[in-house]
Amino acid sequence: MQLFMMKIMRSAFLKNAALGLLTTGLLAACGGGAQSDGDVWSVGTEPGFPPFESITNEGEFEGFDIDLMRAIGEKAGKTIEFENLPFDSLIPALQGGSIDAAISGMTITEEREATVDFSDPYFKAGLAIAVEKGNTEIKTLDDLEGKKIAAQIGTTGADTANSVPGATVSTFDSAPLALQELANGNVDAVVNDAPATLDAIATGNIPGVEVVGELLTEESYGIALPADSENVAAVNAALAELKTDGTYAEIYKKWFGVEPPAQ
Ligand code: ARG
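Cut-off values and rules
- Residues numbered from 1 in each chain as written.
- Predicted model: local features only at pLDDT ≥ 70, side-chain atom pairs only at ≥ 80, totals over all residues.
- Heavy atoms only, no water.
- Axes fitted to C-alpha atoms, helices over the stretch in contact; angles between N-to-C directions.
- Helix = DSSP H or I, 4+ residues; strand = E, 2+ residues; numbered from the N terminus.
- Parallel < 35°, antiparallel > 145°, perpendicular 65-115°, else oblique.
- Contact = heavy atoms within 4.5 Å.
- Nonpolar A, V, L, I, M, F, W, Y, C, P; charged D, E, K, R; others polar.
- Buried < 20%, exposed > 50% of the residue type's maximum accessible area, 1.4 Å probe, protein only.
- Pairing = 2+ DSSP bridges.
- Phe/Tyr/Trp six-rings, centres within 6.5 Å; stacked < 30°, edge-to-face > 60°.

A. Main features of the packing of helix α2 (residues 64-76) against helix α8 (residues 232-244). One way to put it is that α2 packs onto α8 with a least axis distance of 9 Å and a crossing angle of 110 degrees. In terms of orientation, α2 and α8 fall into the roughly perpendicular class. Contacts from Leu68, Ala71, Ile72 and Lys75 in α2 reach Val235, Ala238, Leu239, Glu241 and Leu242 in α8. Taken together, the residues that form the contact of α2 with α8 break down as seven nonpolar, no polar and two charged.

B. A look at the pairing of strand β1 (residues 40-45). Most of β1 is tucked away, with six of its six residues classed as buried. What you see with β1 is no split at all: Val40, Ser42 and Gly44 on one side and Trp41, Val43 and Thr45 on the other are buried throughout. Note: β1 against strand β4 (residues 79-84), six bridges, orientation parallel. Paired with Trp41 across the bridge in β4 is Ile80. Pairing of β1 with strand β5 (residues 101-102) involves two bridges; the strand directions are parallel. Looking at the pairing, Gly44 lines up with Ala102 of β5.

C. Examining the packing of aromatic side chains more closely. Tallied over the entire structure, the rule returns 17 aromatic pairs. Note on Phe64 and Tyr122: the rings are 6.3 Å apart at their centroids and 25 degrees apart in plane angle, and the pair reads as stacked. Taken together, the residues span a long stretch of sequence, with Phe64 in helix α2 and Tyr122 in the loop between β6 (116-118) and β7 (123-125) at a distance of 58 residues. Taking the relative accessible area as the measure of exposure, Tyr122 reaches 1% and is therefore buried. Aromatic side chains Phe123 and Tyr221 sit 5.5 Å apart centroid to centroid with 20 degrees between the ring planes, which places their arrangement in the stacked category. With Phe123 in strand β7 and Tyr221 in strand β13 (residues 219-221), this pair connects stretches of sequence that are 98 residues apart. Since its relative accessible area comes to 0%, Tyr221 is described here as buried.

Printed below as a string of structure tokens:
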């Protein structure tokens, strides 16, 4: 029974990932997404990243980032329209002006800050190594030398994997697809954001996989906006309000089941 349920959940999970890609393709085929007027913020996200962003069976966006962004929109007097985009298209879309913001568990990095602006940090995360359950050989990044690693394309996880000498890195359009590659035994490890990997394991979506060792990095997620966007201040003001009025804590508890860590 349990195995049966797990299989169903797993296939629904992969279907969601595939659906995300399909929607993206359709949007691209139609020549782009929502045009933003003054009252609407078009916000890009790659929704294969629960519990931060995913798409329900009914096709709705949901997750911590989704609730947070909607709450920010409410404070700022804007309607939020989410746009499903591949992760590595988010920054180009911001640069091209086709979206007003991106929320996608995106780590604030110096490299990205050279091309886009970020809000204040809203979540502390870090990368973790996932391996096949019972693998005792791999614990640290050094142990990945010469090994096969899967990661999501365009992410800090992929960058970190690519920094390992002699490793063969294969990149995937979504983190679930990279993790599935590990579950299938085609790679030795996945480097991905710890909260997302732990969620995939906890929900039974990726059987036979575990997280090992310590976090490889300390990263902070931020909402990305076009360089010099006039909306940065409004987003930061809204975020600060949500932190003081308890809304942030409420959303955090809804998705992580615990109080947020002290800032
Ligand atoms: N935090 C990592 C990065 O910024 C991974 C984010 C992936 N997000 C997603 N929605 N798939 O590179």
